[in-house]
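Topology and contacts: notes
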Amino acid sequence: QPTCARFLAGKVWSFFAYPNPVAALVDDLAAAFVASGMVVRELLRAVFLRPEFRLATTRTALVRSPIEWLVVAMRALDMTAEELNPEWWMERLGQAMYQPPNVSGWKQNAAWISTSSQWAKGSFAGYACWKADEAGIFAGLDAAAPAVAAQAVFDRFGVDAPAATTRARIEAYVQ
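This write-up is about the structure you can find in this document. As the structure is a prediction and not an experimental result, all values here were calculated from the model.

1. What to know about the packing of helix H1 (residues 2–16) against helix H3 (residues 40–49)
Orientation of H1 relative to H3, taken along the N-to-C sense of each, is 50 degrees, at an axis distance of 10 Å. By the angle between their axes, H1 is oblique relative to H3. Once H1 is placed against H3, the crossing between them reads as right-handed. Across the interface between the two elements, Leu8, Ala9, Val12, Trp13 and Phe16 of H1 pack against Leu43, Leu44, Val47 and Phe48 of H3. Per-class residue counts for the contact of H1 with H3 are nine nonpolar, no polar and no charged.

This is the structure in structure tokens:
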């Protein structure tokens, strides 16, 4: 059990938090998992309740997979798959639905960063912007002060602390 618990604890932490956790963290999670009788729900609870899981560095440690990125965008816009057709972009983003490259599935993090995937993200973002505009999601923001409009967009997309250059560029764009 301890070997299996360590393996699973490391995998779960790497999937939800950040890759290559320190041994002490994995040991603590594995101990909680074994103590629970190897109940996966309890391992997940231990992961999500760890103070390290709430750190800002953990929040930005993983690159979202294409499907995660599209789902987050659709949820932020409160639009459905029927409205935004995410399947049109999946292959260009590098993640063909239900067709993993092998039995271990898709790789994480840097595997999703490429020039072609960035172009596909931009293409989807442009399309989503057009559809959101059609749906009136950003109605009234054009009359708001640039700082207010930019903050409304940051809030909608869950950007808690945008860099000063990002804020300045968004404000300049909406001006």
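Right, picking up where we left off after that structure.
2. Here's the deal with the environment of Asn85
Take Asn85: it is sitting in the loop between helix H6 (81–84) and helix H7 (87–93). Its relative accessible area of 14% is what places Asn85 among the buried residues. With 39 residues separating them in the primary sequence, Asn85 and Phe124 have C-alpha atoms 9.3 Å apart. Polar side-chain contacts of Asn85 include one of 3.3 Å to the side chain of Tyr127.

3. Quick word on a negative patch on the surface
Together, Asp78, Glu82, Glu83 and Glu87 make up a region of like negative charge exposed at the surface. Exposure remark for Asp78: the relative accessible area of 67% places this residue in the exposed category.

4. Observations regarding the pattern of salt bridges
Applying the stated rule across the entire model yields seven salt bridges. Between Arg50 and Asp28 there is a salt bridge, with its nearest N and O atoms 3.3 Å apart. Of the two residues, Arg50 sits in the loop between H3 and helix H4 (56–59) while Asp28 sits in helix H2 (residues 23–35), which places them 22 residues apart along the sequence. Assessed through its relative accessible area of 17%, Arg50 is described here as buried. Judged by its relative accessible area of 42%, Asp28 is partly exposed. In this structure, the salt-bridge partner of Glu42 is Arg41, at a minimum N-O distance of 3.7 Å. Under the relative-accessibility criterion, Glu42 is labelled partly exposed at 26%. For Arg41, a relative accessible area of 57% translates into the label exposed. Salt bridges here are not isolated pairs; linked through shared partners, they connect Asp28, Arg50 and Glu52.

5. Notes on the packing of helix H5 (residues 66–77) against helix H8 (residues 115–135)
Where H5 meets H8, the closest approach of the two axes is 11 Å, and the angle between their N-to-C directions is 15 degrees. One way to sum up the angle between H5 and H8 is to call them roughly parallel. Helix-helix and strand crossings are classified by hand; for H5 and H8 the assignment is right-handed. Residue-level contacts link Trp69, Leu70, Ala73 and Leu77 of H5 to Lys121, Phe124, Ala128 and Ala132 of H8. Considered class by class, the residues forming the contact of H5 with H8 number seven nonpolar, no polar and one charged.

Conventions and cut-offs
- Residues numbered from 1 in each chain as written.
- Predicted model: local features only at pLDDT ≥ 70, side-chain atom pairs only at ≥ 80, totals over all residues.
- Heavy atoms only, no water.
- Axes fitted to C-alpha atoms, helices over the stretch in contact; angles between N-to-C directions.
- Helix = DSSP H or I, 4+ residues; strand = E, 2+ residues; numbered from the N terminus.
- Parallel < 35°, antiparallel > 145°, perpendicular 65-115°, else oblique.
- Left-handed = near helix turned anticlockwise from the far one by under 90°.
- Contact = heavy atoms within 4.5 Å.
- Nonpolar A, V, L, I, M, F, W, Y, C, P; charged D, E, K, R; others polar.
- Buried < 20%, exposed > 50% of the residue type's maximum accessible area, 1.4 Å probe, protein only.
- Polar contact = N/O pair within 3.5 Å; in protein donor to acceptor, adjacent residues only side chain to side chain.
- Patch = residues over 30% accessible without salt bridge, like charges linked within 9 Å, V, L, I, M, F, W, Y side chains within 5 Å.
- Areas by Shrake-Rupley, 256 points an atom, 1.4 Å probe, with all protein chains shown as cover.
- Salt bridge = Lys/Arg side-chain N within 4 Å of Asp/Glu carboxyl O.
- Lys, Arg positive; Asp, Glu negative; His and termini not counted.
- Charge placed at Lys NZ, Arg CZ, Asp CG, Glu CD.

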